[in-house]
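What the coordinates show
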Amino acid sequence: MVVKWVMSRVATAVVVCALVSPAQAGDNFRKAGDVLQVALPVAAMVCAARKHDFAPAALRFVGQEVAVEASKHALGNASINQRPNGNSYGFPSGHTAAAFYGASYLSRQCLHSRGGKILAFSLATAVGASRIHANSHTVGQVIAGALVGVAFDRVKVTFEDKRVHVGVRYEF
């Protein structure tokens, strides 16, 4: 219930921002992507808090952010890390990774209708499309970001008896 309320407010905010802004339509699409790359993980964290799962969810989110930034810096000036606009540090798309982490968590834990799950992943896909449209990332960089985001939500790490157990959640 709360997640539906948050998602409807996010959608309303995106539409209002798009209508109020005097910028061009393409810039509005970029701005909507910027908003959604924050809104989806925030909605996921609100849901996680309500389910008493905030710490593990937040830790996985921070882990994916660290992995994205480490990857960008480790690749340096490699061609895969070059953005279409000529800048570096493009692989993978951090905006897309964050959005897909949020969408994946929401679809797995909070959204029980098929329509809600489709909406969450559609909004995350719009974030990736906005990054391509803004000439900030290539299609490959966006796909890599999406895979990183989903992977970090779906990986389960537990610590028992001084051992680390790693598993993958594959339910949709």
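Refer to the structure presented above.
Values in this document were obtained by computation on a predicted structure and should not be read as measured data.

1. Concerning the side chain of Asp-153
Note that Asp-153 resides in helix α6 (residues 139-154). Among the polar contacts listed, one links the side chain of Asp-153 to the side chain of Arg-108, at a separation of 2.7 Å.

2. Focus on helix α4 (residues 94-110)
Owing to its 3.6 residues per turn, the α-helix brings residues three or four apart onto one side. Here α4 spans 23 Å end to end across 17 residues, near enough to the 24 Å set by a 1.5 Å rise per residue. For α4, the tally of buried residues reaches 16 of 17 residues, placing the bulk of the element in the interior.

3. Focus on the packing of helix α3 (residues 54-75) against α4
It is at 10 Å that the axes of α3 and α4 come closest, and there the two elements cross at 155°. If you check the angle between α3 and α4, you find them roughly antiparallel. Once α3 is placed against α4, the crossing between them reads as right-handed. Each of Ala-57, Arg-60, Phe-61, Gln-64, Glu-65, Val-68 and Lys-72 in α3 lies in contact with α4, whose residues at this interface are Gly-94, Ala-97, Ala-98, Tyr-101, Tyr-105 and Arg-108. Of the residues that constitute the contact of α3 with α4, the class distribution is seven nonpolar, two polar and four charged.

4. A short note on the pattern of salt bridges
Applying the stated rule across the entire model yields seven salt bridges. Lys-31 is paired through a salt bridge with Asp-27; the nearest N and O atoms lie 3.6 Å apart. Of this pair, Lys-31 and Asp-27 both sit in helix α2 (residues 25-50), four residues apart, which is roughly one turn of the helix. Using a relative accessible area of 34% as the deciding quantity, one classes Lys-31 as partly exposed. The closest approach of N and O atoms between Arg-154 and Asp-153, which form a salt bridge, is 3.2 Å. Each of the two residues, Arg-154 as well as Asp-153, counts as buried. Via salt bridges that share partners, Asp-27, Arg-30, Lys-31, Asp-34 and Arg-131 belong to a single interconnected network.

5. Observations regarding unusual backbone geometry
For the peptide bond that leads from Phe-91 to Pro-92, omega is -10°, which places it in the cis range. Relative to the helices and strands, Pro-92 is located in the loop between α3 and α4. Look at Tyr-89: it is not a glycine, yet its phi comes out positive at around 60°. Mapped onto the elements, Tyr-89 comes out in the loop between α3 and α4. Tyr-89 gets classed as partly exposed once you look at its relative accessible area, which sits at 38%.

Cut-offs and rules
Residues numbered from 1 in each chain as written. Predicted model: local features only at pLDDT ≥ 70, side-chain atom pairs only at ≥ 80, totals over all residues. Heavy atoms only, no water. Helix = DSSP H or I, 4+ residues; strand = E, 2+ residues; numbered from the N terminus. Polar contact = N/O pair within 3.5 Å; in protein donor to acceptor, adjacent residues only side chain to side chain. Expected span 1.5 Å × (residues − 1). Buried < 20%, exposed > 50% of the residue type's maximum accessible area, 1.4 Å probe, protein only. Axes fitted to C-alpha atoms, helices over the stretch in contact; angles between N-to-C directions. Parallel < 35°, antiparallel > 145°, perpendicular 65-115°, else oblique. Left-handed = near helix turned anticlockwise from the far one by under 90°. Contact = heavy atoms within 4.5 Å. Nonpolar A, V, L, I, M, F, W, Y, C, P; charged D, E, K, R; others polar. Salt bridge = Lys/Arg side-chain N within 4 Å of Asp/Glu carboxyl O.

This is a description of form; function is not addressed.
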